[in-house]
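Listed below are the residues making up each chain.
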Amino acid sequence: MKFRVERDVLSEAVAWTARSLPSRPAAPVLAGLVFEAVESEGGEGDNGSVTLSGFDYEVSSRAQIGADVTEPGRILIHGKLLADIAKSLPNRPVEFSTEGSKVLLSCGSSRFTLQTLPVEDYPALPTMPTATGAVTASGLAGAVSQVAIAAGRDDTIPMLTGIRVEIEGEKITLVATDRFRLAVRELQWKPEQQDMSATSLIPSKVLSDTAKALTGGDWVTLALSGGEAGEGLIGFESGDGASSGAKGSRRMTSRLLSGEFVKYRSLFPSEYNITATVETAPFLEAAKRVSLVADRTSPIKLAFTQGEVTLEAGAGDEAQASEAMDAVLDGEDISVSFNPSFLLDGLQVIDTQYAQLSFTVASKPAVLMGRPALDAPPQEEFRYLMMPLRVPGQSAG
């Protein structure tokens, strides 16, 4: 095998595929990336392509890049090592060639000799499911970032570590929960069939990493097969024309998680008795400052009165902090306490000038939404529900 490719093109492709490689592979070959070089049928310049693939039996990733291929071939190289090498190379064209069981890599005056792995032992990658529809890359990345904050981290309950994807016609709904908070985000997309209806449960980390990495293109194609029985697959594919010399795509697949998801819709109140609206950025900064004195088990208290909210944390002989700022309150005064991390997570993904907290009573879950302006309604496409913390002596509102 022999080919020549631009350094940035190679580095991006290797980084994309190597990110899904297991840190502790079940078999040595799973630590590798498959390189497959193919000559084009004719032409000058970038007369061929190279496909890089990685797989750990759960998640597969593939990147295709344009290259000047002079000798086609297929090899397996240690992925993490190659990723480290590729990002450190000088900004010069990179040349790959093989000699027996070794790969020779040269870039400018840099030379590396790497040992190949037995490519014949590498498992076949899963087949990409049939395309289900397409969504804007920026829209997907933004939506996933808003719901992923609420996904669980406890691997003993796999269902809670996933993001539920519900497809109904031209609308996608993403949902995640760790039982103490819940995030829901709706967005529009272009389905292949207008009456499309499907659900799937995707590992949150996989979906988050993929959505971030596919922002180079305008659109991301979703491909879904199976359902929530854990046997289905979801695939994502994006064209990548951002890199000089790149004329291929990025693709990944992931197995779906199993388990019956929380019946979350009934958790949202049909109406609210109290709403409080605060300017998002100052509120977030104040919450960050006050929460500095709160440990993981200590709450941050929000006391809303007409025209003002007071944030407090800490108690007794320990460090304490408080800060007051303007707020618009619709309803009776209310005091409520939250896990500081949960509150900060929610505020950090609100992308509007104002944030609105809606309550029934202080002891019931509160819902956080974005609000573009004080005279505009809240944006219900994103809703973040938080369970309040019970604090001795605090009024139930």
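In this text the structure is predicted, and so the values were computed from the model without any measurement.

### Notes on the overall build of the protein
Step number 1: From N to C terminus, the protein includes six helices and 27 strands.
Step number 2: C-alpha atoms of the protein, sized along the principal axes, occupy 75 × 50 × 40 Å.
Step number 3: The 397 residues of the protein split such that 51% are buried.
Step number 4: Look at the contacts in the protein between residues 6 or more apart in sequence, and 65% of them connect residues 24 or more apart.

### Remarks on the nonpolar core
Step number 1: Residues F35 and F304 are the most contacted members of the largest nonpolar core, which totals 102 residues.
Step number 2: Broken down by element, the residue count for this core peaks at seven residues, all from helix α3 (residues 137-148).
Step number 3: By size, the runner-up hydrophobic cluster in this structure holds 13 residues, among which are V175, V184, Y264 and V367.

### A few points about the pairing of strand β10 (residues 131-136)
Step number 1: Where β10 meets strand β16 (residues 219-225), five bridges bridge the pair, whose relative direction is antiparallel. Bridging from a neighbouring strand, A134 pairs with T221 of β16.
Step number 2: In terms of strand pairing, β10 meets strand β14 (residues 190-191) through two bridges, oriented antiparallel. Note on β14: the bridge partner recorded for G133 is P191.

### Looking at the packing of helix α1 (residues 7-18) against helix α2 (residues 79-88)
Step number 1: Interaxial distance between α1 and α2 falls to 9 Å at its minimum, and their mutual angle equals 150°. Of the possible angle classes, the one that applies to α1 and α2 is roughly antiparallel. The two elements α1 and α2 meet at a crossing, and its hand is left-handed. Residue-level contacts link R7, S11, V14 and A18 of α1 to G79, K80, L82, A83, A86 and K87 of α2.

### Concerning the side chain of T360
Step number 1: Note on placement: T360 falls in the loop between β25 (354-359) and β26 (366-371).
Step number 2: Classification of T360 as buried rests on a relative accessible area of 19%.
Step number 3: Excluding residues within four positions of it along the chain, T360 makes contact with P269, E271 and N273.

### Here we look at the pairing of strand β19 (residues 274-279)
Step number 1: With respect to burial, β19 is a largely interior element, five of its six residues being buried.
Step number 2: As paired strands, β19 and β25 are joined by six bridges and run antiparallel to one another. Its bridge partner being in β25, E279 is matched across the sheet by Y354.
Step number 3: Relative to strand β23 (residues 328-330), β19 runs antiparallel, the two being bridged by three bridges. Among the inter-strand pairings, A276 is bridged to a residue of β23, identified as L329.

### What about the sheet that holds strand β20 (residues 300-305)?
Step number 1: Read across the sheet, four strands follow the order β22-β21-β20-β24 without closing on themselves; strand pairing throughout is antiparallel. Pairing within the sheet leaves two strands with one partner each, and these edge strands are β22 (321-326) and β24 (334-338). Recorded for the sheet is a direction-independent mean angle of 20° between the axes of neighbouring strands.
Step number 2: In terms of strand pairing, strand β21 (residues 308-313) meets β22 through six bridges, oriented antiparallel. Paired with E312 across the bridge in β22 is S322.
Step number 3: Lying on the sheet, helix α5 (residues 280-290) is in contact with β20, β21 and β22; it crosses β22 at an angle near 170°.

### Brief notes about the sheet that holds strand β15 (residues 197-203)
Step number 1: The nine strands lie next to each other as β15-β11-β12-β13-β27-β26-β25-β19-β23, forming an open sheet whose pairing is antiparallel. Edge strands, defined here as strands with exactly one partner in the open sheet, are β15 and β23. Between one strand axis and the next, the sheet turns through 20° on average, direction left out of account.
Step number 2: Packing of α5 onto the sheet brings it into contact with β19 and β25, and relative to β19 it is tilted by some 90°.

### Topic: the packing of aromatic side chains
Step number 1: For the structure shown, the criterion picks out six aromatic pairs.
Step number 2: Ring geometry for F304 against F359: centres 6.0 Å apart, planes inclined by 55°, an arrangement best described as tilted. Here F304 is found in strand β20, whereas its partner F359 is found in strand β25, with 55 residues between them in sequence. The pair formed by F304 and F359 is uniform in burial state, with each residue classed as buried.
Step number 3: Judged by centre distance (6.4 Å) and plane angle (20°), the rings of F382 and Y384 are stacked.

### What to know about unusual backbone geometry
Step number 1: Of note in this structure, Y57 is not a glycine but carries a positive phi near 80°.
Step number 2: With respect to the helices and strands, the residue Y57 is situated in the loop between β3 (48-55) and β4 (59-66).
Step number 3: A residue is classified by how much of its surface remains accessible, and Y57, at 41% relative accessible area, is partly exposed.

### Comments concerning the pattern of salt bridges
Step number 1: Applying the stated criterion to the full structure yields 14 salt bridges.
Step number 2: Notably, a salt bridge pairs E166 with R265, separated by 2.6 Å at the nearest N-O pair. With E166 in strand β11 (residues 162-168) and R265 in the loop between β18 (248-255) and β19, this pair connects stretches of sequence that are 99 residues apart.
Step number 3: You can call E166 buried: its relative accessible area is 9%.
Step number 4: For K288, the salt bridge identified is with E285, shortest N-O distance 3.7 Å. Here the residue K288 and the residue E285 both occupy positions in helix α5, the gap between them amounting to three residues, near one helical turn.
Step number 5: Since its relative accessible area comes to 31%, K288 is described here as partly exposed.

About the criteria used
- Residues numbered from 1 in each chain as written.
- Predicted model: local features only at pLDDT ≥ 70, side-chain atom pairs only at ≥ 80, totals over all residues.
- Heavy atoms only, no water.
- Helix = DSSP H or I, 4+ residues; strand = E, 2+ residues; numbered from the N terminus.
- Buried < 20%, exposed > 50% of the residue type's maximum accessible area, 1.4 Å probe, protein only.
- Contact = heavy atoms within 4.5 Å.
- Core = buried A, V, L, I, M, F, W, Y, C linked by side-chain atoms within 4.5 Å.
- Pairing = 2+ DSSP bridges.
- Axes fitted to C-alpha atoms, helices over the stretch in contact; angles between N-to-C directions.
- Parallel < 35°, antiparallel > 145°, perpendicular 65-115°, else oblique.
- Left-handed = near helix turned anticlockwise from the far one by under 90°.
- Phe/Tyr/Trp six-rings, centres within 6.5 Å; stacked < 30°, edge-to-face > 60°.
- Salt bridge = Lys/Arg side-chain N within 4 Å of Asp/Glu carboxyl O.

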